Amino acid sequence: MAFNNNKHVLLTFAICCLIVTVGLTVVPEPLDVGLEGRLSVNTRELEAVSVDFGRLSRGEAWAVVQPATAEDVVRVVKAAFEAPFAVSARGHGHSINGQALIKEKKGVVIEMVKGGGSNNGDKENSIRVSEKGMYVDVWGGRLWIDVLSATLEYGLAPMSWTDYLYLSVGGTLSNAGISGQTFNHGPQISNVYELDVVTGKGELVTCSEDRNSELFHAVLGGLGQFGIITRARIALEPAPHRVRWIRVLYSNFATFCKDQEYLISMHGKPGNERFDYVEGFVIVDEGLINNWRSSFFSASNPVKITSLKADGDVLYCLEITKNYNQGNADSVDEEIQSLLKKLDFIPTSVFTTDLPYLDFLDRVHKAELKLRSKGLWDVPHPWLNLFVPKSRIADFDKGVFKGILGNKTSGPILIYPMNKNKWDQRSSVVTPEEDVFYLVAFLRSALDTETLEYLSNENRQIVRFCHDSEIKVKQYLPHYTTHQEWMDHFGDKWTQFSARKMKFDPRQILATGQQIFQFDPSNPLTLTNYI
Ligand code: FAD
């Protein structure tokens, strides 16, 4: 049924909700589309999709849909297109700034993580491994931890990861999906063969490099603006058995960067000539060598960290790993020693641990469980993620790590470089205009309002510092509230991004929580805002 009069839709919906609250089960009329899955207007379920990991904003959806199939997603989006009302795919809700929320009762949340057979652990239907094709087909709402468990049964695994695996496939592919493997394999969006996408017009389209390629590239890193990913085909490789995980310390930032950049220049080299994972973090407070982000434990703790602080009271920790199998366990020590010899870290500062591949990839979850048990997980997270061009990383260090931060950080600060040539420029994601750029991630938690204000203010100061110093950073997992900021963010890509929006989601109903385009129910067929 088509609803051209939005007031009528809202009125109908309000009446229906009223009926539900007095005990009759009535589907909101615009959503009476014969779903195979579930639709709920239950207060508890609506509340659950009204917050995200950031806990900085609140949403208010009409209803939650848990789709049984991609066709259910088509049914909801078609209804939304006709009405119109807004639709947000929600993965695991681990955004920071309300990106998967519906605001002001303007629409419906599609809970992908509970759809497509995910809820009942139906691996057969929602995760299918092809050993011959060396790929896995995954429902867009499945979590990466489930993808890993399923592929490991075949001795296979995806190549590119995020540090934390309780994120949905659709959620990370809508951003990029980065971690210490990105320098070598590219972000997760560079490791996708094919997608099924429900566009903003309610069409289910299969796309890849060769087929409907514009949609394919638009959706990867597309912040949910062009369609809802219902299936992704992800490249696999033979999974290593174990991981040697090493941390070494630096007191000199230039040396730290030189070594990180050297290590990522080894991308594409045979396994024994490079490390498999390169990350790093900044130690401003004492004690942060073991932060919540990982459950790293090294039996040897040869140095007291406080005794090392030389260069402006800040230390830098390089984190590297080497994968190995039973077959090459004998040679791994030798390979590591030969690689370490080329680095200039503080000689007494080598911390090493060794664990199964699964445990390494799932390392953050252990820390999560600890924090949860102390009530420290579901707190506000004013995170800031920046891509900083290599040529200005030293200025960033001086101005931010040794300047703005003072000696209190309230959480881990990651820093690691990536190679731009591993990022497909046809995707929607934007990165700095240099061959090498760094991720700098301020992953901080606020246990009280005062800290939240302090950290949010510090984030603003960091962004302002970059602007004033003309350090051309790009936000990763971007959050802006004005048209001008989004245009600046996308730069040269803005024209293409907004044209693709017009083509694939002309009523601007998808992922309105990103606040890029403004959903305007009274004027649905024009891109009134922001063009
Ligand atoms: P949601 O927050 O649910 O959604 C994010 C956006 O994607 C929304 O706009 C939503 O509408 C859209 N979306 C969701 N599903 C779909 C779909 N199927 N189709 C189309 N659009 C969809 N990121 C990294 O790259 N590397 C990391 O190492 C990393 N570590 C993290 C650790 C933690 C503890 C947390 C909380 C986040 C981390 N992130 C990391 C960020 C994370 O990748 C993003 O926040 C991601 O969006 C979260 O996935 P989600 O499933 O929770 O998505």
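Sequence order sets the numbering: in each chain, residues are counted from 1 along the sequence as written. Local features are withheld for residues below a pLDDT of 70 in this predicted model, meaning they are given only at 70 or higher, and side-chain atom pairs are given and counted only at 80 or more; totals for whole chains, interfaces and linings count all residues. Note that the side-chain values use all heavy atoms of the structure and ignore hydrogens as well as water.

Asker: So what's going on with the site of the ligand? Residues and values would help.
Answerer: Throughout, near means a residue has at least one heavy atom within 4 Å of the molecule or strand. Not every one of the 33 residues close to the ligand is listed here, only the nearest: A89, H94, S95, S168 and Y476. Counting of polar contacts relies on pairs of N or O atoms within 3.5 Å, with two restrictions inside protein: one atom must be capable of donating a hydrogen and the other of accepting it, and residues adjacent in sequence are counted only when both atoms are side-chain atoms. One of the backbone N or O atoms of A89 is found 2.6 Å from an oxygen atom in the ligand. A distance of 2.7 Å separates an oxygen atom of the ligand from a polar atom in the backbone of G91. Residue-level accessible areas treat just the shown protein chains as cover; the underlying method is Shrake-Rupley with a 1.4 Å probe. For the ligand, the protein covers 96% of the area, taking 960 Å² as the surface of the free molecule.

Asker: Run through empty space enclosed by the protein, naming residues and quoting values.
Answerer: Using a grid of 1 Å spacing that covers the protein atoms alone, one calls a set of points a cavity when a 1.4 Å probe fits there but cannot get out, and a pocket when the set is open and has protein on both sides within 12 Å along at least five of seven lines; lining residues are those with an atom within 4 Å of a point. Grid points are joined across faces, edges and corners, and a volume is the space filled by probe spheres set on the points. According to the stated counting rule, one finds three cavities of 30 Å³ or more in the structure shown. The wall of the largest cavity is formed by 49 residues, among which H94, L167, G171, N175 and L477 lie closest to the centre. Elements with a contribution of two residues or more to the lining of the largest cavity: strand 3 (86–90), helix 6 (169–173), strand 10 (227–238), strand 16 (413–419) and strand 17 (436–442). Only Asp, Glu, Lys and Arg are considered charged in this grouping, and only Ala, Val, Leu, Ile, Met, Phe, Trp, Tyr, Cys and Pro are considered nonpolar; every other residue, Gly among them, is considered polar. Along the lines of polarity and charge, the residues of the lining of the largest cavity split into 26 nonpolar, 20 polar and three charged. Estimated volume of the second largest cavity: approximately 80 Å³. Lining the second largest cavity we find 13 residues, and of these G221, L223, V429, P478 and H489 sit closest to its centre. Taken together, the residues of the lining of the second largest cavity sort by class into eight nonpolar, five polar and no charged. Here the lining of the second largest cavity spans two domains, since at least three of its residues come from each of domain 2 (123–238) and domain 3 (242–475). Counting from the N terminus, the helices are DSSP H or I runs at least four residues long and the strands are E runs at least two residues long. Domain ranges listed in this record stem from an automatic or a database domain assignment.

Asker: I'd like a rundown of the sheet that holds strand 3, residues and numbers included.
Answerer: Paired strands, in this sense, are two strands between which DSSP finds at least two bridges. Spatial ordering of the open sheet is given by 1-2-4-3, a layout of four strands whose pairing is mixed. At either margin of the open sheet sits one strand with a lone partner, and together these are strand 1 (38–40) and strand 3. The sheet shows a mean angle of 20° between the axes of neighbouring strands, taken without regard to direction. Note on geometry: axes are lines fitted to C-alpha atoms, helical ones only across the stretch in contact, with angles between N-to-C directions running from 0 to 180 degrees.

Asker: For the pattern of salt bridges, give the residues involved together with the corresponding values.
Answerer: What counts as a salt bridge is simple: a side-chain nitrogen of Lys or Arg found within 4 Å of a carboxyl oxygen of Asp or Glu. Per the stated rule, a full pass over the model turns up 31 salt bridges. With a shortest N-O distance of 2.7 Å, E458 and R444 are connected by a salt bridge. Of the two residues, E458 is situated in helix 14 (residues 449–468) and R444 in the loop between strand 17 and helix 14; the sequence distance between them amounts to 14 residues. With respect to burial, E458 and R444 carry one shared label: buried. Note on classification: 1.4 Å probe, protein chains only; a residue is buried when its accessible area is under 20% of the maximum for its type, exposed when over 50%, partly exposed between these limits.

Asker: A description of the nonpolar core should follow, citing residues and the corresponding values.
Answerer: Here the nonpolar core consists of buried residues drawn from Ala, Val, Leu, Ile, Met, Phe, Trp, Tyr and Cys, with membership extended through side-chain atoms lying within 4.5 Å. Among the nonpolar cores identified, the biggest contains 80 residues, and W144, L173, I178 and L195 are the most heavily contacted of them. Of the residues forming this core, the biggest block, five residues, is contributed by helix 5 (residues 144–152). Ranked by size, the runner-up nonpolar core spans 42 residues in total, among them I246, L343, F396 and I415.

Asker: Quick rundown of the layout of surface pockets? Include the residues and the values.
Answerer: A probe matching the size of a water molecule, rolled over the atoms, marks out where space remains unfilled. Within this model, the largest pocket holds a volume of roughly 1400 Å³. As for the largest pocket, its lining consists of 43 residues, and the residues nearest its centre are L386, V463, V473, Q475 and Y480. For the lining of the largest pocket, the secondary-structure elements that each account for two or more residues are strand 15 (384–389), helix 14, strand 18 (474–475) and helix 15 (483–490). Among the elements that make up the lining of the largest pocket, the one with the highest residue count is helix 14 (seven residues). For the lining of the largest pocket, a count of residues per class yields 18 nonpolar, 13 polar and 12 charged.

Asker: Explain the confidence of the model for the chain residue by residue, including any values.
Answerer: Note on scores: pLDDT gives the predictor's confidence for each residue, bounded by 0 and 100. On average, residues of the chain score 90 in pLDDT, and 87% of them reach the 70 mark or higher. Contacts of residues 1–25 to residues separated by more than four positions or lying in other chains number 31 contacts, the stretch itself having pLDDT below 50. We call two residues contacting when some pair of their heavy atoms lies within 4.5 Å.

Asker: Run through helix 15, naming residues and quoting values.
Answerer: Among all positions in helix 15, only W486, H489 and F490 are buried. Down the axis of helix 15, the buried side of the element spans an arc of 85°, and every buried residue falls inside it. Just past helix 15, the residue G491 takes up positive phi, approximately 55°. Directions are taken from the helix axis to each C-beta atom, and the arc is the one they span.

Asker: For unusual backbone geometry, give the residues involved together with the corresponding values.
Answerer: In this structure, P84 follows A83 across a cis peptide bond, with omega equal to -10°. With respect to the helices, strands and loops of the structure, P84 is situated in the loop between helix 3 (70–82) and strand 3. Look at K105: it is not a glycine, yet its phi comes out positive at around 50°. Here K105 shows up in the loop between strand 3 and strand 4 (107–111). Although it is not a glycine, M134 adopts a positive phi angle of roughly 55°. Along the chain, M134 turns up in the loop between strand 5 (127–130) and strand 6 (135–139).

Asker: Hey, could you go over the pairing of strand 4 for me, with residue numbers and the actual values?
Answerer: Burial of strand 4 is extensive: five of the five residues sit out of reach of the surface. Of the strand pairs in this sheet, strand 2 (residues 63–66) and strand 4 are connected by three bridges, and their pairing is parallel. Paired with V65 across the two strands is I110, which belongs to strand 4. Pairing of strand 3 with strand 4, which is carried by five bridges, proceeds in the parallel orientation.

Asker: So what's going on with the environment of I462? Which residues, and what values?
Answerer: Relative to the helices and strands, I462 resides in helix 14. With a relative accessible area of 0%, I462 lands in the buried category. With 58 residues separating them in the primary sequence, I462 and I404 have C-alpha atoms 7.2 Å apart. If near-sequence neighbours (up to four positions away) are discounted, I462 is found in contact with L384, L386, F396, V400, I404, L405 and F442.

Asker: Report on helix 3, specifying residues and quantitative values.
Answerer: To estimate the expected span of a helix, count its residues, drop one, and scale the result by 1.5 Å. Over its 13 residues, helix 3 runs 18 Å from end to end, which matches the ideal 18 Å to within 8%, given 1.5 Å per residue. Inspection of helix 3 places A70, D72, V73, V74, V76, V77, A79 and A80 among the buried residues, and these make up the whole buried set.

Asker: Can you break down the packing of aromatic side chains residue by residue, with the values?
Answerer: Paired rings are identified among Phe, Tyr and Trp, the last through its six-membered ring, by centres lying within 6.5 Å, and are further divided according to the angle between planes into stacked (under 30 degrees), edge-to-face (over 60) and tilted (the rest). In total, this model carries 28 aromatic pairs according to the counting rule given. Between the aromatic rings of F253 and F401, the centroid separation amounts to 6.3 Å while the plane-to-plane angle is 70°, which identifies the pairing as edge-to-face. Here the residue F253 occupies a position in helix 9 (residues 253–264), and F401 occupies one in helix 13 (residues 393–404), the gap between them amounting to 148 residues. The pair formed by F253 and F401 is uniform in burial state, with each residue classed as buried.

Asker: Could you give an account of the pairing of strand 9 (residues 204–208), naming the residues involved and the relevant values?
Answerer: In the sheet, strand 8 (residues 192–199) pairs with strand 9 via five bridges, with the strands oriented antiparallel. Opposite L195, over in strand 9, you have C207 as the bridge partner. The antiparallel pairing of strand 8 with strand 9 creates a hairpin that spans four residues between the two strands, and G202 there sits at a positive phi of about 85°.

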